[in-house]
Every structure is written in structure tokens, then in C-alpha cells.
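Notes for the structure review
Letter by letter, the chains look like this.
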Amino acid sequence: MAEEFGKFVKSINLGQEGDGIDKLHFGKVPLVSMGVFAFVQLMKYSGMRAMSCWVPYIQGVAEEWVEYSTWYCYVTNTYLPNSNKVFGDSALDEIRQGEIHELEYYQWVPFIFMFVSILFYLPNLLWSGILESEGVNITAMVKSVNGFEAAMDVEKREKSITHLARYMKVHFRAKSKVTKAVSPIKKVLNAITCSGKSNASNVGRLYLVVKLLELLNAVGVLFILNLWLDGWHFYGIEVIRSLIAGNYYQVNMFPLLAFCNMTKMEIANTNDHGYLCVLNLNLFYEKMFTLYWFFLVFVALKTLINVLFWFKKILFTGAHLNYIASILRLSKSADTDDPEFYKKPDFKRFVNKFLQPDGVFVFQMINCNTSTVVMHEVLGKLYEMYKKDEELNREENSKEIPKI
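A brief structural summary. (Residues numbered from 1 in each chain as written. Predicted model: local features only at pLDDT ≥ 70, side-chain atom pairs only at ≥ 80, totals over all residues. Heavy atoms only, no water.)

The next thing to look at is the nonpolar core. Core analysis: the largest hydrophobic core is formed by 52 residues, its most contacted members being W232 and Y285. Aside from chain neighbours lying at most four places away, what touches W232 is L222, L225, N226, M253, F289, Y292, W293 and L296. Counting 46 residues, the second-largest nonpolar core is a separate cluster that includes Y207, V210, A325 and M365. (Core = buried A, V, L, I, M, F, W, Y, C linked by side-chain atoms within 4.5 Å. Buried < 20%, exposed > 50% of the residue type's maximum accessible area, 1.4 Å probe, protein only. Contact = heavy atoms within 4.5 Å.)

The following block contains the structure:
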């Protein structure tokens, strides 16, 4: 059973086409959220009562009525007076005057965590669709690069590197061509990313859109959960403040006691009953949501830094030359003995005209997903192929055209 579950987890796309923050959003946050969801469900089905209500003894009332009343209070919202004081002198007066607030989250907690996991995974579906539409298979490239290092046969390894470099050469040349016919979807994408008709900077800029969605998720979920937990976006700050002041018990977002009202229909009349209920699960919910708040804030801060980092890497194209040059210096395939090779026109054309922004972005993505030096060999081989093609083009252009 455990082995099958492990295979299932591995089969899920946890952000292999992105960087570490993408893996955090598409993998770790959904898995943590679904893990909490499963834990809450196990608590409910392990015999632990979700709620225990005090029903006054009435002669002739069966235990089934007590059970029914408890479940009724669970599926409907319990409430507290606005002062949050169950046994306060003014509690009954507040209830009579309607000065109450309902606890709307209690029965929905498992689904809250499921909702967050889906919310964080949605940008991954968009990103996968973008890569598929642009014909960029970063996952396959990463697996190929990682596989080259493990290859023991030197000749086979060299052939595999050459094969991947040829694939990239064909792909980048196709991307650099200006297309006359542009589909409506492409027009929208080009408008969003401010790209030209060559499609050579679409992927990187669309990746920034995905990054902004991740940031919106990370920050927005703290406010979206206010639909169930009023004021939850500042909950962690309130916990820290109360711990410092030594009055943590006054943080009443997850109370252990609440009121419930129901109407009992009897022969010829109806009677209103009020019960005091113990919210057993709040003993666990309080700890889970406290840790979860700090976890989400941590994710939001890391995402913000990551978004700024990628905006700099993608939009400031002047750094592309230095980035590619730093990789080629470590390559055994590229002819980079000249320390000033990165200043030559051939190298600048290779980066600006051949790779272009999306080509640089692909290597940045590969670099995020592998720690091997084989990536440097692939880029070096690609650079050698480019230089040979340029030399052939120069030779053909230098030939005199015979006069008729």
C-alpha cells in the first residue's frame, strides 16, 4: 500500500518545469494541505466526537434526541456573544439583543485545506499548458541532462549530448523566425507579454505571469480565508503579541465553548432550546492553523523575493550575455580559450539572435533543476554547432554568383 502511494505521489507533477519556489507552490504546499485534510478526517472517523453538547435532562427524552441535537449543532453554525465571554454577566443580554457572531469555519475545516491545495496547484496547470503550446519540454531536457552524468559509456554520453544540442538548435531556430499568421490566442499572449511576432520571448514573460499568480495565491489566501476565519490574515501577529504579553488565552479565534439554538417541534407547539457545546476539534485546529499561518507567511515572503529575482533575470536582457558566458567558460566543448570571447560579435549574435530571451530562459530553468556540469557541455556543443553553421553561411555568401 505504501509503495503504491509512493508511486502515485511521484506520478504527480510537482513543478519539475520550474524552480524551487514552483516546487514549493505546486508540490509541498498542496501536499501539506492535503496531509492536514487527511489528518482531520482521520480524527473524525477514529471515534473522536467533533462536538459535545450539554442537553438538559428532560424526563422521557431519549438518547437519540441528544445525539440528534449534537449533530444538528455541528452541521449548523454555533455562535458566541460579541464579548466572547461564555460565562460573562452580559453574555445572555448580548444573545437576547442579537449581539453575536457565528463560527462559520468549524464544519468546513477539511474543505478549507483542500481548497488551498487546489488553489496553489492551479498555476501549475497554466504553466504546463504554456510550455506545451510553445513546444518547450523542460522536464524531458532536465531528465536528459541528469541522465548524461550517470552514463558510464563515454561515447554514448557524447552522442546523447550531441542529440540534445541538435534538438535545441532546431527548436531555437524555429522560435526565432517571424511568423506571419498568428492565432488569436497567440495575439493575446503577445499582448500580455509585450512580445513581437517572433515568439522568442513569450515563454520567459509568460513565466513571469505565472510567478505573479503564485504571489497572488501566497498573499491572497491569507485574506481569502477571512471568509471563514474573521481577521485570520493577522492571526499570527496576534498570537505573537499575546505570547509576549502573557495572555495567549485571550486569543479567541478557536474557542472551546460555543452556543447553539434549535427548535423542537412537539404536539401542538414548538419549543426553542439553547445548548452549550464543547468544540473538541478546536483543541487541534488552533495549533494546526497557527503553524499553517506561519507556513503560508514563509511561502509568501519567499515567493515575493523569488518574483523580484525572476523579473530581474528575464526583463534585464543585458545580463543574458554574462550568464551564457559564465556557463561556456566551464564547458569542455566550446572554444572559449580566449578570455575575451564574450566580447566577440559571433558570441553576441549567438545570445541575442540565436538563443534570444527564451533560449536563455530554457537554460536558466535547466540550471534550476540540476546540479550537474553536463548542462555546460550541452550549451558548449550547441555553441560549436552554431559557429559551424555561421561559417558555412559565410562561405556560401562569399562565393561569387555566376553572371548569365
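Before going further, it helps to examine the environment of E340. Looking at where E340 falls in the secondary structure, it is placed in the loop between α12 (318–328) and α13 (345–369). Given a relative accessible area of 35%, E340 falls into the partly exposed group. Separated by 15 residues in sequence, E340 and A325 have C-alpha atoms that sit 9.9 Å apart. (Helix = DSSP H or I, 4+ residues; strand = E, 2+ residues; numbered from the N terminus.)

Quick look at the side chain of E94 now. Within the secondary structure, E94 is located in helix α4 (residues 91–96). When near neighbours in sequence (up to four residues on either side) are disregarded, E94 contacts P81, N82, S83, E99 and I100.

Attention shifts here to unusual backbone geometry. Positive phi, close to 60 degrees, is recorded for Q356, a residue that is not glycine. Positionally, Q356 belongs in helix α13. The buried category is assigned to Q356, whose relative accessible area is 13%.

In this structure the tally under the stated criterion is eleven salt bridges. For E214, the salt bridge identified is with K211, shortest N-O distance 3.5 Å. Of this pair, E214 and K211 are both found in helix α9 (residues 202–224), three residues apart, which corresponds to roughly one turn of the helix. In this structure E214 comes out as buried when scored by relative accessible area, which is 0%. Through salt bridges with shared partners, a single ionic network connects D19, D22, K211 and E214. (Salt bridge = Lys/Arg side-chain N within 4 Å of Asp/Glu carboxyl O.)

Remember that the coordinates give geometry; whether it matters functionally is a separate question.
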